[in-house]
Amino acid sequence: MKKYLKIFLSNLCIVIIAVILYSPGLLYLRPNDYSIFRAGMSIIAALALIAAFFLVNLIFLKEPERKPISFEDVPDLEKAKTILKDHYGGKHFGHLAKTASEQLDRFMKGRRRLSTILDQRFTRGTMSWEKFDRVAAAAQTSAIQNVVTMANRMLLFDEKEYTKLQHYRDDDIPDDIQEERIKLYQKNFERVKSTIALNEKILLKLDALALELSSSVSDEGADTNSHLVQEIEKLIEETKYYQ
């Protein structure tokens, strides 16, 4: 939708400029003007406007070149959200991209909340503080890696082809081949959903850890806290199976 709005506004600007240049009462450029300079400018301006029209529309209508994303290209959660925005308009992955982006917002809030709790409960730099801060940082890194994996899977998903495959029985290509292709698309789709589910599990455990740390008195909740840390670490370990 934003792309077509930009096309409309760009073309509107070209029309407004043309009106200003050629309307009587304004600049009123015309090829048969008695001034050679103004006559020449009317032709040059017309050519420039035509070129601008075609250039603007070609730029906006051209499909952007999408390249695989590496983990090194995504240093933080904000950058991870940015790469998901490119998929918001997708018919099949749009809602999943938005869900994943909302999860990243919750990761950011959870990270800040847990950091505040840790600073209240422990002295910064102590073993206890480092243990919990380390697992929180690892969970954030895991979330970023999961988003990169999802984004790369979305890049492999040709929405136009998948939509066309919904009517595969109506063309001349053997049905069994196209059914296999549909299975590949569906498998890719399910892997993205599974990655979102994994992120949700990590978020749940981080929230549980923050709750335990904020409500426990002294070290009485140490066993529960350690158990939650182990569960989070186990979920983070699962991340590599989705990459």
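The present account deals with the structure reproduced in this document. Note that the structure is a prediction, hence the values are computed from the model and not measured.

Describing the overall build of the protein
Thought 1: In terms of helices and strands, the protein carries eight helices and zero strands.
Thought 2: Here the protein holds 243 residues, and the buried ones make up 36% of them.
Thought 3: By sequence separation, contacts in the protein at least 24 residues apart represent 69% of the contacts at least 6 residues apart.
Thought 4: For the protein, the exposed surface amounts to about 15600 Å²; the carbon and sulfur share of it is 60%.

What to know about the pattern of salt bridges
Thought 1: Tallied over the entire structure, the rule returns seven salt bridges.
Thought 2: One salt bridge in this structure joins Arg106 and Glu200, with 2.5 Å as the shortest N-O distance. With a gap of 94 residues between them, Arg106 in helix H4 (residues 94-121) and Glu200 in helix H7 (residues 175-215) connect regions that are remote in the sequence.
Thought 3: Residue classification places Arg106 among the partly exposed residues on the basis of a relative accessible area of 37%.
Thought 4: By relative accessible area, Glu200 is classed as partly exposed at 32%.
Thought 5: When the shortest N-O distance is used, the salt bridge between Glu231 and Lys205 registers 2.9 Å. Linking Glu231 in helix H8 (residues 222-238) with Lys205 in helix H7, this pair joins segments that are 26 residues apart in sequence.
Thought 6: Assessed through its relative accessible area of 24%, Lys205 is described here as partly exposed.

Some details on a nonpolar patch on the surface
Thought 1: Nonpolar side chains collect at one region of the surface, where Leu5, Phe8, Leu9, Leu12, Val15, Ile16, Val19, Ile20, Leu26 and Leu27 lie side by side and expose about 880 Å² of accessible area between them.
Thought 2: Counting through the fold element by element, Leu26 comes out in the loop between helix H1 (2-22) and helix H2 (36-61).

What about the packing of helix H3 (residues 77-85) against H4?
Thought 1: Across the interface, H3 lies against H4 with an axial gap of 9 Å and an inter-helix angle of 170 degrees. Taken together, the axis directions place H3 and H4 in an arrangement best described as roughly antiparallel. Between H3 and H4, the residues in contact are Leu77, Glu78, Ala80, Lys81 and Leu84 and Ala97, Ala100, Ser101, Leu104, Asp105, Phe107 and Met108, respectively.

Details of the nonpolar core
Thought 1: Counting residues in each nonpolar core, the largest one holds 49 residues, and the members touching the most others are Leu114, Ile202, Leu209 and Leu213.
Thought 2: At the level of elements, H3, H4, helix H5 (127-155), helix H6 (159-165), H7 and H8 are the ones that each hand at least two residues to this core.
Thought 3: Ranked by size, the runner-up nonpolar core spans five residues in total, among them Ile14, Leu29, Ala45 and Leu49.

Structural notes on H3
Thought 1: Those residues of H3 that sit buried are Leu77, Ala80, Lys81, Ile83 and Leu84. For H3, the arc enclosing every buried residue in end-on projection is 165 degrees, short of the 170-degree limit, so these residues lie on one face.
Thought 2: In this fold, the buried residues of H3 make contact with H4 and H5.
Thought 3: The backbone nitrogen of Glu78 lies 3.3 Å from a side-chain oxygen of the residue at the head of H3, namely Asp76.

Notes on the packing of aromatic side chains
Thought 1: This structure, assessed with the given rule, holds three aromatic pairs.
Thought 2: Residues Phe122 and Phe132 carry aromatic rings whose centres are separated by 5.6 Å and whose planes lie at 25 degrees to one another, so their mutual orientation is stacked. One end of the pair, Phe122, is in the loop between H4 and H5; the other, Phe132, is in helix H5, with ten residues separating them in the sequence. Each member of the pair, Phe122 as well as Phe132, carries the same accessibility label: buried.

A word on the packing of H4 against H5
Thought 1: Running from N to C, H4 and H5 point in directions that differ by 170 degrees, and their axes come no closer than 10 Å. On the basis of the axis angle, H4 is roughly antiparallel to H5. Contacts from Ala97, Ala100, Leu104, Phe107, Arg111, Leu114, Ser115, Leu118 and Asp119 of H4 reach H5 at Trp129, Phe132, Asp133, Ala136, Ala137, Ala139, Gln140, Ala143, Val147, Met150 and Met154.
Thought 2: Residue classes in the contact of H4 with H5 are distributed as 15 nonpolar, two polar and three charged.

Calculation rules
- Residues numbered from 1 in each chain as written.
- Predicted model: local features only at pLDDT ≥ 70, side-chain atom pairs only at ≥ 80, totals over all residues.
- Heavy atoms only, no water.
- Helix = DSSP H or I, 4+ residues; strand = E, 2+ residues; numbered from the N terminus.
- Buried < 20%, exposed > 50% of the residue type's maximum accessible area, 1.4 Å probe, protein only.
- Contact = heavy atoms within 4.5 Å.
- Areas by Shrake-Rupley, 256 points an atom, 1.4 Å probe, with all protein chains shown as cover.
- Salt bridge = Lys/Arg side-chain N within 4 Å of Asp/Glu carboxyl O.
- Patch = residues over 30% accessible without salt bridge, like charges linked within 9 Å, V, L, I, M, F, W, Y side chains within 5 Å.
- Axes fitted to C-alpha atoms, helices over the stretch in contact; angles between N-to-C directions.
- Parallel < 35°, antiparallel > 145°, perpendicular 65-115°, else oblique.
- Core = buried A, V, L, I, M, F, W, Y, C linked by side-chain atoms within 4.5 Å.
- Arc of directions from axis to C-beta.
- Polar contact = N/O pair within 3.5 Å; in protein donor to acceptor, adjacent residues only side chain to side chain.
- Phe/Tyr/Trp six-rings, centres within 6.5 Å; stacked < 30°, edge-to-face > 60°.
- Nonpolar A, V, L, I, M, F, W, Y, C, P; charged D, E, K, R; others polar.

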